[in-house]
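So you can see what is in the structure, the chains are spelled out below.
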Amino acid sequence: MSDTAAWWRSAVIYQVYIRSFADGDGDGIGDVAGLRQRLDHLADLGVDAIWINPWYPSPLADAGYDVSDYRDIDPRFGTLADAEALVREAHDRDLRIILDIVPNHTSSEHAWFREALRAGPGSPERDRYIFRPGRGPGGNRPPNDWRAMFGGGAWTRVTEPDGTPGEWYLHLFDVEQPDLNWENPEVRADFEKTLRFWFDRGVDGFRIDVANSLIKEQGLPDVGDRQHHDPGPHPHWDRDEVHDVYREWRAVADTYDPPKVFVAEAWVPEADRFARYLRPDELHTAFNFDFLKAAWRAPALRESVERTLREHAVVGAPPTWVLSNHDVARHTSRLARDPAAGIGTSLDSMIDLPADLDAGLRRARAAALLIFALPGGAYVYQGDELGLPEVEDLPEASLDDPTWRRSGHTQRGRDGCRVPIPWSGDGPPFGFGPGDDQPWLPQPEWFSRFTVERADKDPESMLALYRRALRIRRETAALGDGPLTWLDVPPGALGFARDHGFALLLNVDAEPFALPEGAEVLLASGPLTDDGLLPQDTTVWLHVA
Ligand code: NOJ
């Protein structure tokens, strides 16, 4: 493997949603074999690493974020031997591998949870989770008022081994995802074992699921009318003690040469609280959701970039830039909505609004060049490189996200960004698997416009743009980690310079304007006007003498 121990400070990391990336065995579900067959797509794209969503044995109640064994592979995805081969083959192509670890909760099918149910109240087995007696007469009201993220209450009552209605257990997500008790030393020791298990198999790092949960306030007080993302102390988000866990994990990662790395998934609204996860003895990087949520407006984008750079500088960590992932509506479709409409990140927040897909694609091209030129690392969610839009009209019968179930079929949830990738051909399954078997979520006919095969032949495709951008990024020492200087540009535009004469201009919604005298265009996300001006929704990379 090339590069230095600090590779992660500038890395472009490709997110593989394994279930939907490529199907090697023809059962309609993506798997490790399919990923191995498609590694060259990723090497040709020019990314530095792959982050793979959970591939562990799981009932898939929440698409694998309900893990029943952290140290194995789900048979639907392959075997441990397949995983080891994948790591080797990826490393041969200079691609690092990041796995996804889920420490807040296990699956209700995990051996520990089954033991906890069998062992009964007060047992050491129950102490690995958060069991409590109910309130009120007969204990038939939940222990507190916490709500689950997918809708409904966060507590479920169990039937004790003697058949009587018994204690309640906490699940901040779905009923099938009981929260672990991070006060319990056995829980901590077991996760360290899991880290080492995969590190010893050559895995280069972990993405940490809901890294800002884990610790709950002593006494489990009611949350009242506080909202999930309100600033200030909260009984189960972003508790100070969670940082002790990550200091321990960092110490484990640092025993390897080169050291292993972490990226936190932490939706923490206050920038200074967020940055605490990135202190030098904690996690290396975190997804920058502040930027993902910014509206397609020059002031909003600039403010988010400035806030990000400022807060990361305090702790010396490199920022990351993310446009999409498996939890949000694809950005081509978000950017297709009127930027003034104030949509959120979910499909449900925008589904009723008109979409201008051409504008969405233009902006997605401009946004890609923006994130690849900003200081730090960047993420590509599978299909971003194809400009794939959200599938907004999946048949209700195919919806699999717990959000759909737990919202009483009022919120469609996240399946629209998880539809299997179209690789080739004119109709479903678009080369997703070896045969004609249909994938686990149906692909629409219009996916034919977005196949890898088609994009590969088109020099103007999103794929071609991504490849060129990532090649230039590799060849340009000024890109990735490092300083940025803002340039004076018309209102409605953004401009900044990096070292060695690299500059970026993005016209969001200004009148078309001229490029600096003598600038050489390295790459443009779309055509300039006939008289060489930079039009709206367009980014250029320049070399200025
Ligand atoms: C965040 C993951 O990205 C999401 O997909 C999952 O549902 C929740 N965490 C719960 O694990």
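Because the structure is a prediction, the values reported are computed rather than measured. (Residues numbered from 1 in each chain as written. Predicted model: local features only at pLDDT ≥ 70, side-chain atom pairs only at ≥ 80, totals over all residues. Heavy atoms only, no water.)

A.B. asks: Please set out the layout of surface pockets residue by residue, giving values where relevant.
C.D. replies: By volume, the largest pocket is sized at about 760 Å³. For the largest pocket, the lining is made up of 29 residues, of which Met 149, Phe 150, Trp 267, Asp 327 and Arg 414 are closest to its centre. In terms of residue class, the lining of the largest pocket is made up of eight nonpolar, 13 polar and eight charged. A domain-level breakdown of the lining of the largest pocket finds at least three residues from each of domain 1 (7-106 + 184-462) and domain 2 (111-170). (1 Å grid on protein atoms, 1.4 Å probe; cavity = no way out; pocket = protein on both sides within 12 Å on 5 of 7 lines; lining within 4 Å. Points joined across faces, edges and corners; volume = space filled by probe spheres on them. Nonpolar A, V, L, I, M, F, W, Y, C, P; charged D, E, K, R; others polar. Domains from an automatic or database assignment.)

A.B. asks: Tell me about the pairing of strand S13 (residues 493-497), residues and numbers included.
C.D. replies: Judged by how many residues are buried, S13 sits mostly within the fold: five of five residues are covered. Where burial is concerned, the two faces of S13 agree: the one with Ala 493, Gly 495 and Ala 497 and the one with Leu 494 and Phe 496 are both buried. Direction of pairing for strand S12 (residues 485-486) relative to S13: antiparallel, over a ladder of two bridges. Within S13, the residue paired with Trp 486 across the bridge is Phe 496. Taken together, S12 and the strand that follows it, S13, pair antiparallel across an intervening segment of six residues, in which Gly 492 is found at a positive phi of about 95°. Sheet analysis places S13 next to strand S14 (residues 502-507), joined by five bridges and oriented antiparallel. In the strand pairing of S14, Gly 495 is matched with Leu 505. (Buried < 20%, exposed > 50% of the residue type's maximum accessible area, 1.4 Å probe, protein only. Helix = DSSP H or I, 4+ residues; strand = E, 2+ residues; numbered from the N terminus. Pairing = 2+ DSSP bridges.)

A.B. asks: So what about the sheet that holds strand S4 (residues 131-132)? Which residues, and what values?
C.D. replies: Across the sheet, three strands lie side by side as S4-S6-S5; this open sheet has antiparallel pairing. Looking at strand neighbours, the two that pair on one side only are S4 and strand S5 (155-159), the edges of this open sheet. Pairing between S4 and strand S6 (residues 165-170): two bridges, direction antiparallel. Directly across from Phe 131, in S6, lies its bridge partner Tyr 169.

A.B. asks: Give a detailed account of the packing of helix H11 (residues 357-373) against helix H14 (residues 462-475), specifying residues and quantitative values.
C.D. replies: Between H11 and H14, the shortest axis-to-axis distance is 10 Å and the interhelical angle comes to 10°. Between H11 and H14, the angle falls in the class roughly parallel. Regarding H11 and H14, the two cross each other, and that crossing is right-handed. The residues of H14 that touch H11, namely those facing Leu 361, Ala 364, Arg 365, Ala 368, Leu 369, Ile 371 and Phe 372, are Met 462, Leu 465, Tyr 466, Ala 469, Leu 470 and Arg 473. Class assignment for the residues of the contact of H11 with H14 results in 11 nonpolar, no polar and two charged. (Axes fitted to C-alpha atoms, helices over the stretch in contact; angles between N-to-C directions. Parallel < 35°, antiparallel > 145°, perpendicular 65-115°, else oblique. Left-handed = near helix turned anticlockwise from the far one by under 90°. Contact = heavy atoms within 4.5 Å.)

A.B. asks: Which residues make up the site of the ligand, and what are the values?
C.D. replies: With respect to spatial proximity, the complete set of residues near the ligand consists of Asp 62, Tyr 65, His 105, Phe 150, Phe 173, Arg 207, Asp 209, Glu 265, His 326, Asp 327, Arg 414 and Arg 418. At 2.7 Å, a side-chain N or O of Asp 209 approaches an oxygen atom of the ligand. Note that an oxygen atom of the ligand is positioned 2.8 Å from one of the side-chain N or O atoms of His 326. Alone, the ligand offers 290 Å² of accessible surface; in the complex the protein occludes 97% of this. (Near = heavy atom within 4 Å. Polar contact = N/O pair within 3.5 Å; in protein donor to acceptor, adjacent residues only side chain to side chain. Areas by Shrake-Rupley, 256 points an atom, 1.4 Å probe, with all protein chains shown as cover.)

A.B. asks: Any chance you could break down the confidence of the model for the protein for me, citing the residues and the numbers?
C.D. replies: With 99% of its residues at a pLDDT of at least 70, the protein reaches an overall mean of 97. Per-element confidence in the protein ranges from a low mean pLDDT of 91 for helix H7 (residues 271-275) to a high of 99 for strand S1 (residues 12-16). (pLDDT = per-residue confidence, 0-100.)

A.B. asks: Would you mind going over empty space enclosed by the protein in detail, with residue names and values included?
C.D. replies: Per the counting criterion, the structure on display carries two cavities of 30 Å³ or more. Put simply, the largest cavity is a space of about 80 Å³. Trp 8, Ile 13, Val 263, Thr 285 and Tyr 379 are, among the 13 residues lining the largest cavity, the residues nearest its centre. Where the lining of the largest cavity is concerned, the elements lending two or more residues are strand S8 (261-264) and strand S11 (377-381). Taken together, the residues that form the lining of the largest cavity break down as 10 nonpolar, three polar and no charged. Approximately 40 Å³ is the volume found for the second largest cavity. Tyr 17, Ile 18, Arg 19, Asn 53, Pro 54, Leu 60, Ala 63 and Phe 77 are the residues that line the second largest cavity.

A.B. asks: Which residues make up the domain arrangement of the protein, and what values go with them?
C.D. replies: Often the size quoted for an interface is simply the accessible area lost on bringing the parts together. For the protein, the domain assignment lists domain 1 (7-106 + 184-462), domain 2 (111-170) and domain 3 (483-543). The C-alpha-based centres of domain 1 and domain 3 are spaced at 30 Å. Tallying the contact residues gives 18 residues for domain 1 and 19 residues for domain 3. Across the domain 1 to domain 3 interface the summed buried area is about 1600 Å²; carbon plus sulfur atoms make up 69%. Its salt-bridge partner being Arg 297, residue Asp 509 comes within 3.1 Å of it at the nearest N-O pair. Between the two partners, domain 1 and domain 3, sit nine residue pairs in polar contact (both at pLDDT 80 or more). A total of eight residues in the side of domain 1 that touches domain 3 trace back to one element, the largest contributor, which is H11. (Buried area = accessible area lost by both parts, 1.4 Å probe. Salt bridge = Lys/Arg side-chain N within 4 Å of Asp/Glu carboxyl O.)

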